[in-house]
Amino acid sequence: MIEEFQGFNFSHNEFIFLGFPVIYEYRRLLSLPFFTTYILVLVGNSLLIYVIRIMESLHSPMYILICGLAAVDIVVATVIIPNMLLSFLFDWNDISLASCLTQMFFTHFLSSVESTILLAMALDRYVAICYPLHYTRILNSTMFLRLFLFTVIRSGTIMFVLVALAGSLSFCGSNVIHHCYCDHMALVSLACGNTDKNNAMGLAVIICFVGIDICVIIFSYMKILNVVLRRAAGEDRWKAFHTCGTHLIVIMCFYLIGTVTFLSRNLNMQIPTDINTFLGVMYIVLPASVNPIIYGVRTKEIRNGILKLFNTRVNRELTVQVCGKTQQRCSS
């Protein structure tokens, strides 16, 4: 039952998710594509982590960053998709304010960590291609420790303030969150009081993670393309352009969707609830689904590692079968 109260003496502690109101009656059918996507995210990213872990040749900074990206994709998808599936299948739509704020923190924190990893990957390629002689000196264990501290401090501090400001609001109107998970502005839009600080913090998040990170990423890839196109020729040029272009397209989709969903309510953009919810989910699910392909299968070293792993398993099973048949013949 949806409760509505007016007045500032009351504040909701329980909320109800309603992400796709127009197609709500088909919510059980919606669970199928999201469940399939979640399985693909788990399998693809887990395989990527496993291959990088067991292949010593892949224990370099670039692949460690890819491994970190895969781990973040698994965790951030797990934060929202299982709850979505329970909501679609069993109508478990309720969530407490504390749980909502917790989900909000981890969703936005992990997304910001992913942004930082993408930034680090771009800088890694920039140093490797533009300053190859200084690569090992620049990207060493000390640099990784600094990157880790920078990521935790920047993302943790900003997202903690974002969530704390949201938790300080009073929710005396509707308790229906028009989303599939506890999105920041979806919750803030239900507040009764002044939300100027929350809106300003939302803009600060966009400026910090989109305005800064995407500019550095684009600068790095432009420099990489400039160096590669000057040194390479023919097919190598096309491969470099295709690789950088693909990476940039995926990265731009990640930042564009995130910006639209984050600012849609700040700027009073009239986006239908179903579309806004879909974009919010795609902001999490799309990168987690395509990253194993873009940074895994399409990377020659990782692709060879997967094929080597697969061939080793096949040869081992064939050897066991041959040995088993040999023993049966000997015993007969």
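Residues numbered from 1 in each chain as written. Predicted model: local features only at pLDDT ≥ 70, side-chain atom pairs only at ≥ 80, totals over all residues. Heavy atoms only, no water.

- The protein carries the name Olfactory receptor in an unreviewed UniProt entry, which gives Oncorhynchus kisutch as its organism.
- Annotation of the protein in UniProt includes, under Sequence similarities (unreviewed entry), the sentence "Belongs to the G-protein coupled receptor 1 family."
- Database annotation for the protein, UniProt heading Subcellular location (unreviewed entry): "Cell membrane". (UniProt positions renumbered as here; feature names shortened; annotations may be inferred.)

**Quick look at the side chain of D274**
Right, on to step 1. By secondary structure assignment, the location of D274 is in helix α9 (residues 273-297).
Right, on to step 2. Overall, D274 belongs to the buried group, its relative accessible area being 13%.
Right, on to step 3. For D274, the residues in contact, after removing those within four places along its chain, are G19, F20, P21, V22 and I23. (Helix = DSSP H or I, 4+ residues; strand = E, 2+ residues; numbered from the N terminus. Buried < 20%, exposed > 50% of the residue type's maximum accessible area, 1.4 Å probe, protein only. Contact = heavy atoms within 4.5 Å.)

**Observations regarding the state of the cysteines**
Right, on to step 1. For the coordinates displayed, the defined rule picks out 2 disulfides.
Right, on to step 2. Disulfide pairing is shown between C172 and C192; the S-S distance is 1.7 Å. Here C172 is found in the loop between α5 (141-167) and β3 (176-177), whereas its partner C192 is found in the loop between α6 (184-188) and α7 (196-231), with 20 residues between them in sequence.
Right, on to step 3. On the accessibility criterion, C192 (23% relative accessible area) is partly exposed. (Disulfide = S-S within 2.5 Å.)

**Notes on the packing of helix α2 (residues 61-90) against helix α3 (residues 97-130)**
When two helices pack together, their arrangement is given by the angle between the helix axes and the distance between those axes.
Right, on to step 1. Where α2 meets α3, the closest approach of the two axes is 9 Å, and the angle between their N-to-C directions is 160°. Classed by the angle they form, the pair α2 and α3 counts as roughly antiparallel. Crossing hand, α2 versus α3: left-handed.
Right, on to step 2. Grouping the amino acids of the contact of α2 with α3 by side-chain chemistry returns 17 nonpolar, 5 polar and 4 charged. (Axes fitted to C-alpha atoms, helices over the stretch in contact; angles between N-to-C directions. Parallel < 35°, antiparallel > 145°, perpendicular 65-115°, else oblique. Left-handed = near helix turned anticlockwise from the far one by under 90°. Nonpolar A, V, L, I, M, F, W, Y, C, P; charged D, E, K, R; others polar.)

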